[in-house]
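Topology and contacts: notes
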Amino acid sequence: MSDLLLLGIETTCDETAAAVVRRRDDGTGTILSNIVLSQVEDHAAYGGVVPEIAARAHVEVLDHVIARALKAAGVPLTGLDGIAAAAGPGLIGGVIVGLTSAKALALAAEKPLLAVNHLEAHALTARLTDAVPFPYLLLLASGGHTQLVCVTGVGEYTKLGGTIDDAIGEAFDKTAKMLGLPYPGGPAVERAALKGDASRFALPRPLLGRATPDFSLSGLKTAVRLEALKIAPLSEQDVYDLCASFQAAIVDIVADRVRYALRAMRERGTVPHALVLAGGVGANQAIRRSLHKVAADGGTRLAVPPPELCTDNGAMIAWAGAERLALGLDDGLAVSPRARWPLDEIEGVPETDR
């Protein structure tokens, strides 16, 4: 198969994004354009994403974002090999906006439509940025998801562990809101932690040492709240120290859970070529530094996309679409948007066609 040019559309949460990506025949890729419009200011006053506001904002700007992405790439709609859009999981209003637009473009240009799972897009991004071969261990960590997954191919995912309550990004956001820090909470907590004393508060590390690599973060979040109540009203330094102590606990938990996931993957007879960190939490530098050591100790390497490709973007959707199209997959115009869509429910290449 020759090189593939894909347009990718992302509207599952509060970023309206479109990108054009080239996938070469040898499996390497290049981002030709990547346009992202964030809605952070629209939602900041509410301390989180309001689904109705998000969907309306996508409707207002998506056409312009797509046009900018095509122009920046220097590729006309007719020059594409396929149209990819995030079809879920996510806020259903936004997902409908993006997928409907992609269907219209695919129909008008007579191009294949690739309905991409948003989680799979995160899972495959390191293949675009770092040319990571299969298999690898994926830590997918964002505001809505925390999973450890054995990735053996496109559409081939085995969940090893996940959160039993809060996602890592969700814990950061809720802690930030509790301490009066601005939205989005993850970057705010990370900035505050740089000025704090991580040893001041003895916070718990739930599930540390458990063989099954699951996460539980609600107890940690509660512990932060209780410590804050003990010393209220909080000074600026109190907030810094609580953030530093909270982040240190998260780093310890993540490192421990990943160690056990690497062990579990090897026990299954699968040797990972890399540990891949994906999702918005991948932008956290303290977590990155810790996982570099965990990966090295586990006999592999850490692969993390650049920060702008850890958060939601169109390039990851275009790349996932290209990976699927290269295998001969085409989802057709009848595909439906999905608010929930676990990784293990993705349809890959049938066994008989491999």
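The structure reproduced in this document is the subject of the present report. (Residues numbered from 1 in each chain as written. Predicted model: local features only at pLDDT ≥ 70, side-chain atom pairs only at ≥ 80, totals over all residues. Heavy atoms only, no water.)

1. Notes on the pattern of salt bridges
Per the counting criterion, the structure on display carries 14 salt bridges. For Asp241, the salt bridge goes to Arg200, with nearest N and O atoms at 2.9 Å. You can see Asp241 sitting in helix 8 (residues 236-267) and its partner Arg200 sitting in the loop between helix 6 (185-193) and helix 7 (218-230), a full 41 residues away along the chain. With a shortest N-O distance of 2.9 Å, Arg205 and Asp252 are connected by a salt bridge. Taken as a pair, Arg205 in the loop between helix 6 and helix 7 and Asp252 in helix 8 lie far apart in primary sequence, 47 residues in all. (Salt bridge = Lys/Arg side-chain N within 4 Å of Asp/Glu carboxyl O. Helix = DSSP H or I, 4+ residues; strand = E, 2+ residues; numbered from the N terminus.)

2. Points about the side chain of Asp241
Classification of Asp241 as buried rests on a relative accessible area of 5%. Once you skip the residues sitting within four places of it in the chain, Asp241 turns out to touch Gly196, Asp197, Arg200 and Phe201. (Buried < 20%, exposed > 50% of the residue type's maximum accessible area, 1.4 Å probe, protein only. Contact = heavy atoms within 4.5 Å.)

3. With respect to unusual backbone geometry
For the peptide bond that leads from Gly88 to Pro89, omega is -10°, which places it in the cis range. Of note, Pro89 is situated in the loop between strand 4 (82-88) and helix 3 (92-109). Backbone torsion omega between Phe134 and Pro135 reads -5°, so that peptide bond is classified as cis. Relative to the helices and strands, Pro135 is located in the loop between helix 4 (118-129) and strand 6 (136-141). If you check the backbone angles, Glu110 has positive phi at about 55° while not being a glycine. On the secondary structure map, Glu110 appears in the loop between helix 3 and strand 5 (113-117).

4. Here's the deal with the sheet that holds strand 5
Reading across from one edge, 3-2-1-4-5 is the order of the five strands in this open sheet, with mixed pairing throughout. Among the strands making up the open sheet, the edge pair consists of strand 3 (29-38) and strand 5. On average, each strand axis in the sheet is inclined to that of its neighbour by 20°, with strand direction left out of account. Across the face of the sheet, helix 2 (residues 51-73) comes into contact with strand 1 (4-10), strand 2 (15-23) and strand 3 while running at roughly 25° to strand 2. (Pairing = 2+ DSSP bridges. Axes fitted to C-alpha atoms, helices over the stretch in contact; angles between N-to-C directions.)

5. Observations concerning the packing of aromatic side chains
Across all of its chains, the model carries two aromatic pairs by this definition. Their ring planes at 80° and their centres at 5.1 Å tell us that Phe172 and Phe246 sit as a pair that is edge-to-face. With a gap of 74 residues between them, Phe172 in helix 5 (residues 168-178) and Phe246 in helix 8 connect regions that are remote in the sequence. The residues Phe172 and Phe246 share a single accessibility class, namely buried. (Phe/Tyr/Trp six-rings, centres within 6.5 Å; stacked < 30°, edge-to-face > 60°.)

6. Observations regarding the sheet that holds strand 7 (residues 146-153)
On the basis of which strands lie adjacent, the open sheet formed by five strands has the order 8-7-6-9-10 and mixed pairing. In the strand order of this sheet, the two ends are held by strand 8 (156-162) and strand 10 (302-303), each with one partner. Judged from the six bridges that link them, strand 7 and strand 8 form a sheet pairing that is antiparallel. Bridging across to strand 8, Gly153 finds its partner in Glu156.

7. What about the packing of helix 7 against helix 8?
Running from N to C, helix 7 and helix 8 cross one another at 160°; their axes reach a closest spacing of 11 Å. The angle between the axes of helix 7 and helix 8 places the two elements in the roughly antiparallel class. Both helix 7 and helix 8 take part in a crossing whose hand is right-handed. Contacts between helix 7 and helix 8 pair Leu220, Val224, Glu227 and Ala228 from the former with Leu242, Phe246, Ala249, Ile250 and Ile253 from the latter. In terms of residue class, the contact of helix 7 with helix 8 is built from eight nonpolar, no polar and one charged. (Parallel < 35°, antiparallel > 145°, perpendicular 65-115°, else oblique. Left-handed = near helix turned anticlockwise from the far one by under 90°. Nonpolar A, V, L, I, M, F, W, Y, C, P; charged D, E, K, R; others polar.)

8. Description of the nonpolar core
With 63 residues, the main nonpolar core has Leu7 and Ile9 as its most contacted residues. For this core, the leading source of residues is helix 11 (residues 314-326), giving eight residues. In this view, Leu7 contacts Ala18, Ala19, Val20, Ile66, Leu70, Leu80, Gly82, Ile83, Ala84, Leu105 and Ala318; residues no more than four positions away in its chain are not counted. In terms of nonpolar packing, the next biggest core, distinct from the first, is built from 49 residues, Ala192, Cys243, Ala249 and Leu275 among them. (Core = buried A, V, L, I, M, F, W, Y, C linked by side-chain atoms within 4.5 Å.)

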